[in-house]
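A look at the structure
Letter by letter, the chains look like this.
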Amino acid sequence: MTRTKRAARIGLWLAAMAATTVTSVVVLQSPSQAATLHCNRVGQSNDAYVPIIYPSWTPFDCLLTRGDNSVAVRQLQNDMNICYHQQMWDLLGKDVGVDGDFGPETERALRRVQQLSGTAADGEYGPNTRRAMLHQRTSGAYCGRVD
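One structure accompanies this document, and this report is about it.

What counts and what doesn't
Residues numbered from 1 in each chain as written. Predicted model: local features only at pLDDT ≥ 70, side-chain atom pairs only at ≥ 80, totals over all residues. Heavy atoms only, no water. Helix = DSSP H or I, 4+ residues; strand = E, 2+ residues; numbered from the N terminus. Buried < 20%, exposed > 50% of the residue type's maximum accessible area, 1.4 Å probe, protein only. Contact = heavy atoms within 4.5 Å. Areas by Shrake-Rupley, 256 points an atom, 1.4 Å probe, with all protein chains shown as cover. Disulfide = S-S within 2.5 Å. Polar contact = N/O pair within 3.5 Å; in protein donor to acceptor, adjacent residues only side chain to side chain.

The next thing to look at is the overall build of the protein chain. Along its length, the protein chain carries five helices and six strands. N-terminal to C-terminal, the α/β element order of the protein chain is α-β-β-β-β-α-α-α-α-β-β. Here the protein chain holds 147 residues, and 37% of them are scored as buried. Nonlocal contacts in the protein chain, meaning residues at least 24 apart in sequence, comprise 50% of its contacts between residues at least 6 apart. Carbon and sulfur atoms provide 54% of the accessible area of the protein chain, an area that totals close to 8,800 Å².

So, in structure tokens, the structure goes:
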């Protein structure tokens, strides 16, 4: 086989391989886009109870939105009742229902907490809201911010 024929066969083989190869694309996310996993448990950060992602145990990149139903939502509702009790009564005429269901009442209450905390009032619990709002301390005696 001549060098030219061999090169032609290799070229055809490479073209056939390229036509059948599946290419995967990796999309890197910025830190603001990383909050895509929904919180599903409760953990501790800086001596406070916070929503986390299990099994990674990280509170830093999880999200809670309308429609979520978990113990993490229950902790958020608890935090709003304990740390923003008077504001919840002013807004709703009662405490937020602690049922673990992120419905319209929880979203409305969270928007108020976000306004009070000086963060975007989008009604979603993510990293910015976690850092801005007050959370129940593990001692239960008071509330504080977490990093």
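The structure having been displayed, the exposition proceeds.
As a further point, take the environment of Thr 36. Along the polypeptide, Thr 36 turns up in the loop between α1 (3–20) and β1 (37–38). By relative accessible area, which is 43% here, Thr 36 ends up partly exposed. Expressed as a C-alpha distance, the spacing of Thr 36 and Cys 62, which sit 26 residues apart in the sequence, is 6.5 Å.

All right, on to the state of the cysteines then. Counting across every chain of the model gives two disulfides. With its sulfur 2.1 Å from that of its partner, Cys 39 forms a disulfide with Cys 62. On the sign convention where negative is left-handed, the bridge of Cys 39 and Cys 62, at about 90 degrees about the S-S bond, is right-handed. Highlighted residues: Cys 39 in the loop between β1 and β2 (41–45) and Cys 62 in strand β4 (residues 62–63), separated in sequence by 23 residues. In this structure Cys 39 comes out as buried when scored by relative accessible area, which is 4%. What connects to what in the protein chain, once the bonded cysteines are numbered by sequence position, is 1-2, 3-4.

To continue, consider the side chain of Ser 117. Its place among the elements puts Ser 117 in helix α4 (residues 104–117). In terms of polar contacts, Ser 117 uses its side chain to reach the side chain of Tyr 84, at 3.2 Å. Leaving out residues up to four positions away in the same chain, Ser 117 has contacts with Tyr 84, Ala 132 and Met 133.

Now for the environment of Asp 68. With respect to the helices, strands and loops of the structure, Asp 68 is situated in the loop between β4 and α2 (71–83). Given the relative accessible area of 15%, Asp 68 is considered buried. C-alpha of Asp 68 to C-alpha of Cys 39: the two residues are 29 residues apart in sequence and 8.8 Å apart in space. Beyond its immediate stretch of four places on either side in the chain, Asp 68 contacts His 38, Leu 63, Val 73, Gly 100, Asp 101 and Phe 102.

Moving on: unusual backbone geometry. At Asn 46, a residue that is not glycine, the phi angle is positive and equals roughly 50 degrees. Judged by relative accessible area, Asn 46 falls into the partly exposed class, the value being 37%. Here the phi dihedral of Asp 47 falls at roughly 60 degrees; this positive angle occurs in a residue that is not glycine. Within the secondary structure, Asp 47 sits in the loop between β2 and β3 (48–52). Judged by relative accessible area, which is 54%, Asp 47 ranks as exposed.

Such coordinate-based values are descriptive only and should not be taken to indicate function.
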